[in-house]
Structure formats: structure tokens, C-alpha cells
Amino acid sequence: MRTPQAALQGAIATPPTTPERTMEHDFTADGLPSGGPPPGGQGARSRSQHQRRKRIVQAAAALASRGGVEAMQMRTVAERAGVALGTLYRYFPSKMDLVVAVVGEEIDLLESSIERRPPSADTASGRAVDVLMRATRGLMREPELADALIRSLILADDVEIPLGDRMAGLLLRVSAGGLTPEQATEEQLALAGSLASVWVQELLEILRGRRTHDQIQRRIEIAASRLLGDI
């Protein structure tokens, strides 16, 4: 299944805000700065495009962290990222595509955190709970951003949101000794996916004020022990 300050610090760290970055302007039709291709050929161009895309995603997440999904207006995102509006639409044809990119970056950061500091629990379910509670604590440091991402999961009907599948893949790896989705059985995939779905639902409940952190942890521990006990 990011970004300003530290949306998932310790688990999913948010990217920095963008004002201190160099602003871009005078774009050509393909979204590159005017004045011809950048030095260094295709490699430099690819790096430039990657950096521009990353800055757009960071700007979108920074806005969402302060005002929810409503704050992610395409023109405002473009202005904050320092790109032309047309350039933004070439990278992200819709706001939902932009939300998908923010979700993807958040999961990238979570995965990096897990690689640096793997869960140390003795059981598969314990390791899965560690990952999910790290993500929960980090997201709740930026509740507006969390709300924007989770609500987008519900509203999306024509864009695939990667949160559930990617979280399921991460849970498989940490709980089953590096098992990948390609190596897993259909049952293992279903079990990990079910636990990821439970986590998303519990996030909704805490964002709505219906659960405490301790209640969520207990419910996730119960679900993990049942779903991953024999994985």
C-alpha cells in the first residue's frame, strides 16, 4: 500500500519541503528546460526527469500533509514544485495518479527503513506487527497526509493504488524469511493481503477517532497471529 517534514519518521520518513530547492521555469514541450538538451546526453536527461518527478511528488505530499487531499490542487502542486502546469500533467495526468505516486514513495521509504532496521521478533506474526505499527506511528505524525492517502484508496475507481499489494509483499518478506510475492503460494499471498487490508481498515478507524493506538495494536496482533501463524 510522501512528502514534507517526517510523515513516517522511523518507518516512512517524509521528504523535505520544497521552498529551498531551485525553481524551474521556461519549459519546452517535453517538460525539459528551454535551451536544448541537458549536458551529458540521455543519462543527464533521465536524471533531470527523475529529480523533477520526485520534486513534484514531494510538493504534493507537503500540501496534503497540511490540508488533506483537497489541498493537492494541480496548479498549486505545480507552483510549489517549480514546474509548469503542463509539465505536471505530462508526469501525472490526474490528481489520483499523483496520489498513487505519493503512496508509492511512502512505501519506498518504509521498505528502506525496514532494510536498515529489520524487525527482530521471533515469530512471523510478531515481525509483521512490528512493521505495521511502525507505519501506523509514522503516519499518525502526519494525520492530514494519512487521511488523504487512505481516503483516496476508497475513492479511487479507475486508478490502481499500490498500498495494499505492496504492504502485502513487504509483510511476506519480513514474516516468511524474504519470501517474495512471485515465490509465495496463493494462500500465502491471500493471508498477507488480508492482514494488509485489516491494517488499512484500522488506520481509518484511528483517523476517525474510533480507536486508540493501543486498541489498534491489539487488533493487529490478533489478526496477525491468526493469519500468519503458519505462514
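Residues numbered from 1 in each chain as written. Predicted model: local features only at pLDDT ≥ 70, side-chain atom pairs only at ≥ 80, totals over all residues. Heavy atoms only, no water.

- As annotated in an unreviewed UniProt entry, the protein chain is TetR family transcriptional regulator from Nonomuraea corallina.

### Describing the overall build of the protein chain
Reasoning step 1: When its secondary structure is counted, the protein chain shows 9 helices and 0 strands.
Reasoning step 2: Listing the helices and strands of the protein chain from first to last along the sequence gives α-α-α-α-α-α-α-α-α.
Reasoning step 3: In the protein chain, buried positions account for 46% of the 231 residues.
Reasoning step 4: Summed over its atoms, the accessible surface of the protein chain is roughly 11,100 Å², and 50% of this surface lies on carbon and sulfur atoms. (Helix = DSSP H or I, 4+ residues; strand = E, 2+ residues; numbered from the N terminus. Buried < 20%, exposed > 50% of the residue type's maximum accessible area, 1.4 Å probe, protein only. Areas by Shrake-Rupley, 256 points an atom, 1.4 Å probe, with all protein chains shown as cover.)

### Some words on helix H8 (residues 186-207)
Reasoning step 1: For H8, with 22 residues, the first-to-last C-alpha span of 32 Å sits near the 32 Å given by 1.5 Å per residue.
Reasoning step 2: Within H8, burial applies to Gln188, Ala192, Leu195, Ala196, Trp199, Val200, Glu202, Leu203, Leu204, Glu205 and Ile206.
Reasoning step 3: Two residues or fewer after H8 comes glycine 209, characterised by a positive phi angle close to 80 degrees. (Expected span 1.5 Å × (residues − 1).)

### Structural notes on the nonpolar core
Reasoning step 1: In this structure, Ile56, Val77, Leu88, Leu98, Leu163, Leu195 and Trp199 are the most contacted members of the largest nonpolar core, which totals 59 residues.
Reasoning step 2: Where this core is concerned, the elements lending two or more residues are helix H1 (42-67), helix H2 (74-81), helix H4 (95-116), helix H5 (124-140), helix H6 (143-155), helix H7 (163-175), H8 and helix H9 (213-228).
Reasoning step 3: In terms of residue count, the dominant contributor to this core is H4 (9 residues).
Reasoning step 4: Those residues in contact with leucine 88 that sit more than four places away from it in its chain are Ile56, Met74, Val77, Ala78 and Val83. (Core = buried A, V, L, I, M, F, W, Y, C linked by side-chain atoms within 4.5 Å. Contact = heavy atoms within 4.5 Å.)

### Looking at a positive patch on the surface
Reasoning step 1: Judged by side-chain charge, Arg116, Arg117, Arg137 and Arg141 come together as a positively charged surface patch.
Reasoning step 2: By the secondary structure assignment, arginine 141 is in the loop between H5 and H6. (Patch = residues over 30% accessible without salt bridge, like charges linked within 9 Å, V, L, I, M, F, W, Y side chains within 5 Å. Salt bridge = Lys/Arg side-chain N within 4 Å of Asp/Glu carboxyl O. Lys, Arg positive; Asp, Glu negative; His and termini not counted. Charge placed at Lys NZ, Arg CZ, Asp CG, Glu CD.)

### Regarding the packing of H5 against H7
Reasoning step 1: Axis separation between H5 and H7 bottoms out at 8 Å; the angle between their running directions is 135 degrees. In terms of axis orientation, H5 runs oblique to H7. Crossing of H5 against H7: the hand is right-handed. Along its contact with H5, which presents Ala124, Arg127, Ala128, Val131 and Leu132, the element H7 presents Met167, Leu170, Leu171, Val174 and Ser175. (Axes fitted to C-alpha atoms, helices over the stretch in contact; angles between N-to-C directions. Parallel < 35°, antiparallel > 145°, perpendicular 65-115°, else oblique. Left-handed = near helix turned anticlockwise from the far one by under 90°.)

### Details of the UniProt feature "DNA-binding region" (unreviewed entry) in the protein chain
Reasoning step 1: Under the UniProt annotation, the feature "DNA-binding region" (unreviewed entry) is placed at residues 73-92.
Reasoning step 2: The distance separating the terminal C-alpha atoms of residues 73-92 is 12 Å; by composition the span is 75% helix and 0% strand. (UniProt positions renumbered as here; feature names shortened; annotations may be inferred.)

### Focus: the packing of aromatic side chains
Reasoning step 1: All told, the structure shown has 1 aromatic pair when counted by the stated rule.
Reasoning step 2: Residues tyrosine 91 and phenylalanine 92 carry aromatic rings whose centres are separated by 6.5 Å and whose planes lie at 35 degrees to one another, so their mutual orientation is tilted.
Reasoning step 3: Judged by relative accessible area, phenylalanine 92 falls into the buried class, the value being 2%. (Phe/Tyr/Trp six-rings, centres within 6.5 Å; stacked < 30°, edge-to-face > 60°.)

### Quick notes on the pattern of salt bridges
Side-chain pairs of opposite charge can arise where the charged atoms are in close proximity.
Reasoning step 1: In the structure shown here, the tally under the stated rule is 11 salt bridges.
Reasoning step 2: Across the pair glutamate 105 and lysine 54 runs a salt bridge whose closest N-O atoms are separated by 3.6 Å. Highlighted residues: glutamate 105 in helix H4 and lysine 54 in helix H1, separated in sequence by 51 residues.
Reasoning step 3: A salt bridge links arginine 166 to aspartate 108, with the shortest nitrogen-to-oxygen separation between them at 2.6 Å.

### Some words on the confidence of the model for the protein chain
Low pLDDT marks regions whose predicted coordinates should not be analysed in detail.
Reasoning step 1: Per-residue confidence for the protein chain gives a mean pLDDT of 79; residues scoring 70 or more make up 78%.
Reasoning step 2: Low pLDDT, under 50, characterises residues 1-40; the stretch is placed with 136 contacts to residues that sit more than four places away or in other chains. (pLDDT = per-residue confidence, 0-100.)

### Details of the side chain of glutamate 111
Reasoning step 1: Mapped onto the elements, glutamate 111 comes out in helix H4.
Reasoning step 2: Accessibility expressed as a relative area gives 16% for glutamate 111, which makes it buried.

### As for H9
Reasoning step 1: If you check H9, its first and last C-alpha atoms are 21 Å apart, about what 16 residues at 1.5 Å a residue would give, namely 22 Å.
Reasoning step 2: Restricting attention to buried positions, one finds in H9 the residues Ile216, Ile220, Ala223, Ala224 and Leu228. For H9, the angular spread of buried residues about the axis comes to 100 degrees, placing them on one side. Turned more than 90 degrees away from the buried face of H9, the exposed residues are Asp214, Arg218 and Arg226.
Reasoning step 3: Its buried side turned inward, H9 meets H5, H7 and H8. (Arc of directions from axis to C-beta.)

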